[in-house]
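# Commentary on secondary and tertiary structure
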Amino acid sequence: QKRIVMQEVDLNGVDPTTCILGSLPVAALSYSFWTFTGTAAQYFVSHPIETDFYPAQRLGAVFQTAMVGLLSLAAGIFGFTGL
């Protein structure tokens, strides 16, 4: 049976300036995803699906929900990574 062996890691070589400078583009990406989430939601509200075909209505609603959900998920993940 295999065992997990913990190894000591020396973090004294990590430069805080590099960490902060690396988090800035990630925070900007998070903000852009959050802005795009609001823009996509407003577009979907102002342009409803205009068809009488029920499966097309349901698939359109699923697509819209998936887009807004995935964009907000990406914004949250990048925002947490930027912190």
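Note: the structure precedes this text.
One structure accompanies this document, and this report is about it. Counting restarts for each chain, with residues numbered from 1 along the sequence as it is written. Residues qualify for local features only when their pLDDT is at least 70, as the model is predicted, and side-chain atom pairs are given and counted only at 80 or more; totals for whole chains, interfaces and linings, by contrast, use all residues. Hydrogen atoms and water are omitted, and side-chain values are computed over all heavy atoms in the structure.

Secondary structure elements follow DSSP: runs of H or I of four or more residues count as helices, runs of E of two or more count as strands, with numbering from the N terminus. When its secondary structure is counted, the protein chain shows two helices and zero strands. For a compact globule of 83 residues, the expected C-alpha radius of gyration is about 12 Å, and the protein chain comes in at 21 Å, more than 25% above that figure. Seen through its principal axes, the protein chain has C-alpha atoms that stretch 65 × 40 × 10 Å. Three exposure classes are used, based on accessible area relative to the maximum for each residue type with a 1.4 Å probe and protein chains only: buried under 20%, partly exposed in between, and exposed over 50%. Taking all 83 residues of the protein chain together, the buried fraction comes to 14%. Here the contacts in the protein chain between residues at least 6 apart in sequence split such that 68% fall between residues at least 24 apart. Surface accessibility of the protein chain: about 7200 Å² in total, with carbon and sulfur atoms responsible for 67%. With the radius of gyration taken over C-alpha atoms, the globule rule is written as 2.2 Å times the number of residues to the power 0.38. Here a residue-residue contact requires only that any non-hydrogen atoms of the pair lie within 4.5 Å. The accessible surface values rely on the Shrake-Rupley method and a 1.4 Å probe; as for residues, cover is taken only from the protein chains in view.

On to the packing of helix 1 (residues 16–46) against helix 2 (residues 54–82). Convention adopted: a line fitted to C-alpha atoms gives each axis, helices being fitted over their contacting stretch, and angles between N-to-C directions are expressed from 0 to 180 degrees. The contact between helix 1 and helix 2 brings their axes to 8 Å, and the two run at 160 degrees. In this view, helix 1 runs roughly antiparallel relative to helix 2, as classed from their interaxial angle. In this structure, the crossing between helix 1 and helix 2 has a hand that is left-handed. Facing Ser23, Val26, Leu29, Ser30, Phe33, Trp34, Phe36, Thr37, Ala40, Ala41 and Phe44 of helix 1, the residues of helix 2 in contact are Phe63, Gln64, Met67, Val68, Leu71, Ser72, Ala74, Ala75, Phe78, Gly79, Thr81 and Gly82. Angle categories are assigned with fixed cut-offs, so that under 35 degrees is roughly parallel, over 145 is roughly antiparallel, 65 to 115 is roughly perpendicular, and the rest are oblique. It is the rotation of the near helix from the far one that decides the hand of a crossing: anticlockwise by less than a right angle makes it left-handed, clockwise makes it right-handed.

On to the environment of tyrosine 31. With respect to the helices, strands and loops of the structure, tyrosine 31 is situated in helix 1. Since its relative accessible area comes to 60%, tyrosine 31 is described here as exposed. As for tyrosine 31 and glycine 76, which are separated by 45 residues in sequence, their C-alpha atoms are 9.3 Å apart.

Turning next to the packing of aromatic side chains. Two rings from Phe, Tyr or Trp (for Trp, the six-membered ring) form a pair when their centres are within 6.5 Å of each other. A pair whose planes differ by under 30 degrees is stacked, one over 60 is edge-to-face, and the rest are tilted. Counted under the stated rule, the structure contains three aromatic pairs. Plain terms: the ring middles of tyrosine 43 and phenylalanine 44 are 6.1 Å apart, the flat faces sit at 65 degrees to each other, and that makes the pair edge-to-face. Cluster of aromatic residues (ring-pair linked, three or more members): Tyr43, Phe44 and Phe63.

As far as function goes, none of this settles anything; it's purely spatial.
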